[in-house]
Amino acid sequence: MELRHLRYFIAVAEELNFTRAAERLHIAQPPLSRQIQQLEEDLGVQLFERNTRPLKLTEAGRFFYAHAQQLLAQTAELAAMTQRVGKIERKMSIGFVASTLYGMLPKVIRRFRTRFPEIELSLHDMTTMEQIQALKEGRIDVGFGRIRHEDPNVRRILLRDERLMVALPSGHPLLSAKPVLSLKDVAMETVIIFPKSPRPSFADQVLAAFHDRAIEPKSIYEVRELQIALGLVAAGEGVSIVPSSVKGLKREDVSYMELDDPQLVSPIILSTRLLDESDDIKALLEMIYDLYREQNIDFYPGD
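These numbers were taken from a predicted model, which means no experiment stands behind them. Each residue is numbered by its place in its chain's sequence as written, counting from 1. In keeping with the model being predicted, local features are shown solely for residues with a pLDDT of at least 70 and side-chain atom pairs are shown and tallied solely at 80 or more, while totals for entire chains, interfaces and linings include all residues. To obtain the side-chain values, all non-hydrogen atoms of the structure were included, while hydrogens and water were left out.

> Help me understand the overall build of the protein, please; the structure alone is not making it clear to me.
Put simply, DSSP marks the helices as runs of H or I at least four residues long and the strands as runs of E at least two long, and each gets a number from the N terminus on. A tally of regular secondary structure across the protein gives eleven helices and eleven strands. For a compact globule the rule gives 2.2 Å times the number of residues to the power 0.38, and the radius of gyration it is set against comes from C-alpha atoms. Its C-alpha atoms give the protein a radius of gyration of 30 Å, clearly above 19 Å, the size a compact globule of 303 residues would have. When the backbone C-alpha atoms are referred to their principal axes, the protein occupies close to 100 × 40 × 30 Å. Buried residues are those whose accessible area, probed at 1.4 Å on protein chains only, stays under 20% of the maximum for their type, while exposed residues exceed 50% and partly exposed ones sit between those limits. Looking at the protein as a whole, 44% of its 303 residues qualify as buried. In these tables, accessible area is a Shrake-Rupley quantity obtained with a 1.4 Å probe, and a residue counts as shielded only by the protein chains included in the view. Carbon and sulfur atoms provide 52% of the accessible area of the protein, an area that totals close to 16,700 Å². For the protein, the centre of its 39 positive side-chain charges and the centre of its 43 negative side-chain charges are spaced 3 Å apart. His is not counted, nor are the chain ends; Lys and Arg add positive charge and Asp and Glu add negative charge. Taken as the charge location is NZ of Lys, CZ of Arg, CG of Asp or CD of Glu.

Here you go:
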């Protein structure tokens, strides 16, 4: 059953005559009769008493007429509202993992708000997996995450790979031992990873880095979020592997050192709904690339 069947039925129900209904709809009478007959076959009930002049609605026909009118009215209202939203109420909801706030995301948001003040932006702190679900449910339009998780309904764009660093408590012996650290150096310490849940998460990227190099950390300490991990580092409870942008969060009691392996990276991935090709999202993506160019940051340009 399609909307045209409802329109055809309503015309016949109101005219109680196939010829007049066909003229009203600007179609020939025989096709109209076939469409009504098909509708009755699909529903499995008779909507009109055809052995009377004029036509009469059956009891099922009267019920269907009342609800068909409502449905068509709601359809028209939905179309009008969608057009209004598209022309006037431009909105974009963005999900992000907390660690991206220490990189370029704040600059992206500020520039986007300045360039497109007519678009209402809302920001939502979410894990990568939460972002994927929120995209499919229509709660957000764009996600910034770090986990390589594929979903057939979500388009994933790798923006760049961010180098990983080690966060250590100020005064730690490793700070003066060598200019850069290896994962073997880090494995001799208690490694604080985050977030503890939900998984998979950035924590699994860190654990995989050790596993892929056949290195076993002395001990693992799982915590809920980045801020807690840095707080425990400051307290001397261990060290933590973090994205390099986190060093922008300056703390007197935490120091950062580079890792010697260029393959130790964490991706920054932009996600949208698979079929969403809106101009606003394209503008956001191009703005991100522009900022990377201005900052001389290596990135993976889109198509």
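> So what exactly am I meant to see when it comes to helix H3 (residues 29–43) here?
Since there are 3.6 residues in each turn of an α-helix, residues three or four apart along the chain are aligned in direction. In this model H3 runs 21 Å from its N-terminal to its C-terminal C-alpha over 15 residues, within 8% of the 21 Å that 1.5 Å per residue would give. All buried positions along H3 are accounted for by Leu32, Gln35, Ile36, Leu39 and Glu40. Looking down the long axis of H3, one finds its buried residues gathered within 135° of arc, a one-sided arrangement. With respect to the buried face of H3, the exposed residues turned more than 90 degrees away are Arg34 and Glu41. Here a helix's expected span is defined as the number of its residues, less one, multiplied by 1.5 Å. It is the directions from the helix axis to the C-beta atoms that the arc portrays.

> Would you explain empty space enclosed by the protein in this entry?
A water-sized probe, rolled over the atoms, reveals where empty space remains. Any residue with an atom within 4 Å of a point lines the site, the site being either a cavity, points on a 1 Å grid over the protein atoms alone where a 1.4 Å probe fits but cannot get out, or a pocket, an open set with protein on both sides within 12 Å along at least 5 of 7 lines. Grid points are joined across faces, edges and corners, and a volume is the space filled by probe spheres set on the points. Going through the model one piece at a time under the given rule, you end up with two cavities of 30 Å³ or more. As for the largest cavity, its lining consists of 14 residues, of which Met104, Leu105, Phe144, Ile268 and Tyr292 are closest to the centre. Every element with two or more residues in the lining of the largest cavity is listed here: helix H5 (105–115), strand E6 (154–169) and helix H11 (279–294). When its volume is computed, the second largest cavity comes out at roughly 30 Å³. Along its surface, the second largest cavity is lined by Leu164, Leu183, Val206, Ala209, Phe210, Ile241, Leu259 and Leu264. Looking at the lining of the second largest cavity, the element that brings in the most residues is helix H9 (residues 202–212), giving three residues.

> Looking at this structure, how should I read the layout of surface pockets?
By volume, the largest pocket amounts to about 460 Å³. What lines the largest pocket is a set of 23 residues, and nearest its centre among them are Val97, Ala98, Asp125, Thr127 and Pro195. Of all the elements in the fold, those that place two or more residues in the lining of the largest pocket are helix H6 (128–137) and helix H10 (226–234). Under the scheme applied, nonpolar residues are Ala, Val, Leu, Ile, Met, Phe, Trp, Tyr, Cys and Pro; charged residues are Asp, Glu, Lys and Arg; polar residues are all the others, including Gly. Along the lines of polarity and charge, the residues of the lining of the largest pocket split into twelve nonpolar, six polar and five charged. Of the volumes computed, that of the second largest pocket is approximately 350 Å³. Together, 18 residues line the second largest pocket, and Arg160, Glu162, Ser244, Ser245 and Lys247 are the ones closest to its centre. Counting residues per element, the lining of the second largest pocket draws most heavily on E6, at five residues. Each residue belonging to the lining of the second largest pocket can be placed in one class, and the counts come to seven nonpolar, five polar and six charged.

> Even after reading the chapter, I still don't get the environment of serine 182, so can you show me in this structure?
Structurally, the position occupied by serine 182 is in the loop between helix H7 (174–177) and helix H8 (183–187). The class of serine 182 is buried, set by a relative accessible area of 16%. Distance from serine 182 to glycine 145, taken between C-alpha atoms, is 26 Å for residues 37 residues apart in sequence.

> Which parts of the structure should I look at to understand the side chain of aspartate 276?
Along the chain, aspartate 276 falls in the loop between strand E11 (265–273) and H11. We call two N or O atoms a polar contact when they sit within 3.5 Å, provided that within protein one can donate a hydrogen and the other can accept it, with sequence-adjacent residues counted only if both atoms are side-chain atoms. Polar side-chain contacts of aspartate 276 include one of 3.1 Å to the backbone nitrogen of serine 278.

> Please explain a nonpolar patch on the surface as it appears in this structure.
Residues forming no salt bridge and having over 30% relative accessible area are the ones grouped into patches, like charges within 9 Å of each other and nonpolar side chains (Val, Leu, Ile, Met, Phe, Trp, Tyr) within 5 Å. Note on definitions: salt bridges are taken to be side-chain nitrogens of Lys or Arg within 4 Å of carboxyl oxygens of Asp or Glu. Together, Met1, Leu43 and Val45 give the surface a local cluster of nonpolar side chains, amounting to about 260 Å² of exposed area. With respect to the element layout, methionine 1 can be found in the segment before helix H1 (3–15).

> How do you make sense of the nonpolar core when you look at a structure like this?
One broad trend across soluble globular proteins is that nonpolar side chains are buried collectively. The biggest cluster of nonpolar side chains holds 35 residues, and the ones touching the most others in it are Val166, Leu183, Val186, Phe210, Ile241, Tyr256 and Leu259. Elements that contribute at least two residues to this core include exactly E6, H8, strand E7 (190–193), H9, H10, strand E9 (240–243) and strand E10 (254–258). Residues count as neighbours in contact if any of their non-hydrogen atoms are within 4.5 Å of one another. Residues contacting leucine 259, with those up to four places away along its chain left out, are Arg163, Leu164, Met165, Val166, Leu181, Ser182, Leu183, Val186, Ile241 and Leu264. Counting residues in each nonpolar core, the second largest holds 27 residues, with Phe96, Val142, Tyr289 and Leu291 among its members. Put simply, a nonpolar core is a bunch of buried Ala, Val, Leu, Ile, Met, Phe, Trp, Tyr and Cys residues held in one set by side-chain atoms that sit within 4.5 Å of each other.

As far as function goes, none of this settles anything; it's purely spatial.
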